[in-house]
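Below are the chains, spelled out letter by letter.
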Amino acid sequence: MILRTQEKQVQIEIMKDEIRTMKKIIKNGIVVTMNAAGDVWDHGYVMFEDTKILAAGPEDELEKTLQELTAQGILKAGETFEEINAKRAIVIPGLVNTH
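No experiment lies behind these values; they were computed from the predicted model shown.

> So what exactly am I meant to see when it comes to the environment of Gly57 here?
The topology assignment puts Gly57 in strand S3 (residues 52-58). Sequence-distant contacts of Gly57, defined by excluding residues within four places in its chain, comprise Trp41, Gly44 and Tyr45.

> Help me understand the pattern of salt bridges, please; the structure alone is not making it clear to me.
For side chains bearing opposite charge, pairing can occur when the charged atoms are close. A complete count under the given rule lists five salt bridges for this structure. The partner of Glu49 in a salt bridge is Lys23, and the shortest N-O contact between them spans 3.5 Å. In this pair, Glu49 sits in strand S2 (residues 40-49) while Lys23 sits in strand S1 (residues 23-32), placing the two residues 26 residues apart along the sequence. According to the relative accessible area criterion, Glu49 is partly exposed, its value standing at 22%. Close ionic contact of Arg88 with Asp42 constitutes a salt bridge, the shortest N to O distance being 2.9 Å. Within this pair, whereas Arg88 is found in the loop between strand S4 (82-85) and strand S5 (90-91), its partner Asp42 is found in strand S2, the two being separated by 46 residues in sequence. Arg88 gets classed as partly exposed once you look at its relative accessible area, which sits at 30%. In this structure, a network of salt bridges that share partners links the residues Lys23, Glu49 and Glu79.

> I would appreciate a short explanation of the nonpolar core in the present structure.
Inside soluble globular proteins, nonpolar side chains tend to come together where they are buried. In this structure, Ile25, Tyr45, Met47, Leu54, Ala55, Leu62, Leu66, Leu69, Leu75 and Phe81 together form the largest nonpolar core, which totals ten residues. Elements supplying a minimum of two residues to this core: S2, S3 and helix H2 (62-71). By residue number, the principal contributor to this core is H2, which donates three residues. Setting aside its immediate chain neighbours within four residues, Tyr45 contacts Ile25, Ile26, Lys27, Val31, Ala55, Ala56, Gly57, Pro58, Glu59, Leu62 and Thr65. Core analysis: the second largest hydrophobic core is formed by seven residues, Ile26, Val31, Trp41 and Phe48 among them.

> Can you help me understand the side chain of Lys23 in this one?
By relative accessible area, Lys23 is classed as buried at 8%. A polar atom in the side chain of Lys23 sits 2.8 Å from the side chain of Glu79. Excluding residues that lie within four positions of it along the chain, Lys23 makes contacts with Phe48, Glu49, Leu54, Ile74, Leu75, Glu79, Phe81 and Glu82.

> So what exactly am I meant to see when it comes to the pairing of S2 here?
In this structure, S1 lies alongside S2, joined through seven bridges in antiparallel fashion. Bridge pairing in S2 places Val32 opposite Val40. As defined by bridge partners, S2 adjoins S3 across six bridges and the pair is classed as antiparallel. Across the sheet, the residue bridging to Met47 is Ala55, located in S3. What sits between S2 and S3 in their antiparallel hairpin is a turn of two residues, with Asp50 showing a positive phi close to 55 degrees.

Criteria and thresholds
Residues numbered from 1 in each chain as written. Predicted model: local features only at pLDDT ≥ 70, side-chain atom pairs only at ≥ 80, totals over all residues. Heavy atoms only, no water. Helix = DSSP H or I, 4+ residues; strand = E, 2+ residues; numbered from the N terminus. Contact = heavy atoms within 4.5 Å. Salt bridge = Lys/Arg side-chain N within 4 Å of Asp/Glu carboxyl O. Buried < 20%, exposed > 50% of the residue type's maximum accessible area, 1.4 Å probe, protein only. Core = buried A, V, L, I, M, F, W, Y, C linked by side-chain atoms within 4.5 Å. Polar contact = N/O pair within 3.5 Å; in protein donor to acceptor, adjacent residues only side chain to side chain. Pairing = 2+ DSSP bridges.

This is the structure:
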């Protein structure tokens, strides 16, 4: 019985790691950046893993960005992402709301 409990614990930990490392892309949003240029992309995307932003930009450049990140070894070829449809909502990457 103890062995089964340990196996379940290991399975749970593996599942947590898989969830934690899942890369996500928010698409179809109005992306308002916090960069020095103050870029705003009407149809933009934000790609992130955990709390780290991997890339952001206009959606028409997404494929190019995926190829570049794969070439740099940041992404694996054929890697899948959880896609989140922002439904034209405003997306502000890097904003930390303290209240």
